[in-house]
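Architecture and fold: a report
Listed below are the residues making up each chain.
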Amino acid sequence: MAKLSISLGQMQIKLARVEDNLAAAEGMIGEAAARNADLVVLPELWSTGYDLENAADYADELGAGMFAQISETARDNSVAVFGSVLERRGDQVMNCAAYYDAQGGLAAVYRKIHLFRLFDEHKWLGEGETPATLAFPWGAAGLSICYDLRFPELFRRYAVAQNAKLILLCAEWPLIRVEHWRTLLIARAIENQCFVVATNSCGDTGGTVFGGHSMIVDPWGKIIVEAGEDECLLSAEIDLSEVDRVRQQIPVFEDRRPDAYLSN
């Protein structure tokens with residue numbers, strides 16, 4: 001199947017109000033399923049927001065707590081779900097994006113590699129160390145979280161080493177830098193000739209206003225669909241075969257010269 005129907009669940013996250021956020025996410029997942037979506041992408045830390053001082057109180061091990069709840073919701077609605085929550089991993093707490101398939105199975109896990117110092121992530125969270133991809137019959141999808149967007153090396157690895165045709169990103173990106181968000185999403189799609197699917201949070205969460213503008217960008221850099229600054233569920237269908245057409249038309253990867261610029 002080269003075509004995917006994707007819904008972006010742009011939420012106004014309520015700081016530290018887990019049950020309220022879970023109810024909102026479940027409502028969006030249910031509505032996405034009613035729209036026959038294949039995948040729902042939720043924001044970063046959608047269940048808690050940036051209440052990092054209490055991160056250890058919210059964190060669950062994979063397969064338990066919030067992870068088990070979202071797995072059940074995916075299964076009950078027969079739709080895949082991707083978004084990040086807090087994970088307890090040994091003696092650390094991680095910002096963990098889990099991809100659950102439409103049967104509720106855990107298909108991939110990505111732990112945020114680049115921690116955002118402006119939000120004190122480095123004080124409360126452990127660093128992820130491994131990029132993560134998800135294999136589909138039509139190709140691979142790369143997984144990422146928010147601040148990762150500023151590091152093109154990660155996205156290039158997904159496109160070149162893993163031949164990713166789709167990159168999923170969940171975020172809490174502030175409104176004050178929303179033009180960076182929009183520009184970088186388009187740039188990552190153009191330079192890697194792939195679809196970029198990104199869901200941001202929106203509204204005031206604990207004194208920080210997040211920017212919304214969740215969007216899907218195609219391999220040409222064209223915005224297929226984009227939200228505004230309010231809470232919404234946005235849906236669109238993408239054709240992954242477009243990636244091959246773009247890469248054949250302008251063979252950027254074949255013209256790379258890593259011998260010239262990576263060896264010095």
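Notes on the structure follow. Please read these numbers as outputs of a predicted model, since none were measured by experiment.

It is worth spelling out the overall build of the chain at this point. Counting its secondary structure elements, the chain contains 8 helices and 14 strands. Taken over the C-alpha trace, the chain has a radius of gyration of 17 Å; the compact-globule value for 264 residues is 18 Å, and the two agree within 12%. The dimensions of the chain, computed from C-alpha atoms along their principal axes, are 50 × 45 × 35 Å. Evaluated residue by residue, the chain yields a buried proportion of 52% over its 264 residues. In the chain, 69% of the contacts between residues at least 6 apart in sequence involve partners at least 24 apart.

Take the sheet that holds strand 6 (residues 133-136) next. Pairing within the open sheet is mixed, and its 6 strands lie in the order 6-7-8-9-12-13. Strands with a single pairing partner mark the edges of an open sheet, and in this sheet they are strand 6 and strand 13 (223-226). With strand direction ignored, the average angle separating the axes of adjacent strands in the sheet is 15 degrees. The pairing of strand 6 with strand 7 (residues 139-145) spans 4 bridges and is classified as antiparallel. Across the sheet, Ala 135 pairs through a bridge with Ala 140, a residue of strand 7. In the packing of helix 5 (residues 152-160) onto the sheet, the strands contacted are strand 6, strand 7 and strand 8 (164-170), and the crossing angle to strand 8 comes to about 145 degrees. Each of strand 8 and strand 9 (195-199) touches helix 7 (residues 241-249); the most contacted strand, strand 8, lies at about 120 degrees to it.

Moving on to the sheet that holds strand 4 (residues 92-100). Strand order across the open sheet formed by 6 strands is 5-4-3-2-1-14, with mixed pairing between neighbours. Unpaired on one side and paired on the other, strand 5 (106-111) and strand 14 (232-239) mark the two borders of the sheet. Pairwise comparison of adjacent strand axes, ignoring direction, gives a mean angle of 30 degrees for this sheet. Judged from the 8 bridges that link them, strand 1 (residues 3-10) and strand 14 form a sheet pairing that is antiparallel. Considered in strand 14, the bridge of Gln 10 is made with Cys 232. Most of the contacts of helix 1 (residues 18-34) go to strand 14, to which it runs at about 40 degrees, and overall it touches strand 1, strand 2 (39-41), strand 3 (80-89) and strand 14.

Quick look at the pattern of salt bridges now. A side chain of one charge can pair with a side chain of the opposite charge when the charged atoms of the two come close. Summed over the entire model, instances satisfying the criterion amount to 13 salt bridges. Across the salt bridge formed by Lys 112 and Glu 121, the nearest N and O atoms sit 2.9 Å from each other. For Glu 121, a relative accessible area of 0% puts it in the buried group. Glu 191 is the salt-bridge partner of Arg 188, the closest N and O atoms lying 2.4 Å from each other. Pair noted here: Arg 188 and Glu 191 are both in helix 6 (residues 178-192), with a separation of 3 residues, about one helical turn. Linked through salt bridges whose partners overlap, the residues forming this network are Glu 44, Lys 112 and Glu 121.

Quick notes on the rules
Residues numbered from 1 in each chain as written. Predicted model: local features only at pLDDT ≥ 70, side-chain atom pairs only at ≥ 80, totals over all residues. Heavy atoms only, no water. Helix = DSSP H or I, 4+ residues; strand = E, 2+ residues; numbered from the N terminus. Rg over C-alpha atoms; globule rule 2.2 N^0.38 Å. Buried < 20%, exposed > 50% of the residue type's maximum accessible area, 1.4 Å probe, protein only. Contact = heavy atoms within 4.5 Å. Pairing = 2+ DSSP bridges. Axes fitted to C-alpha atoms, helices over the stretch in contact; angles between N-to-C directions. Salt bridge = Lys/Arg side-chain N within 4 Å of Asp/Glu carboxyl O.

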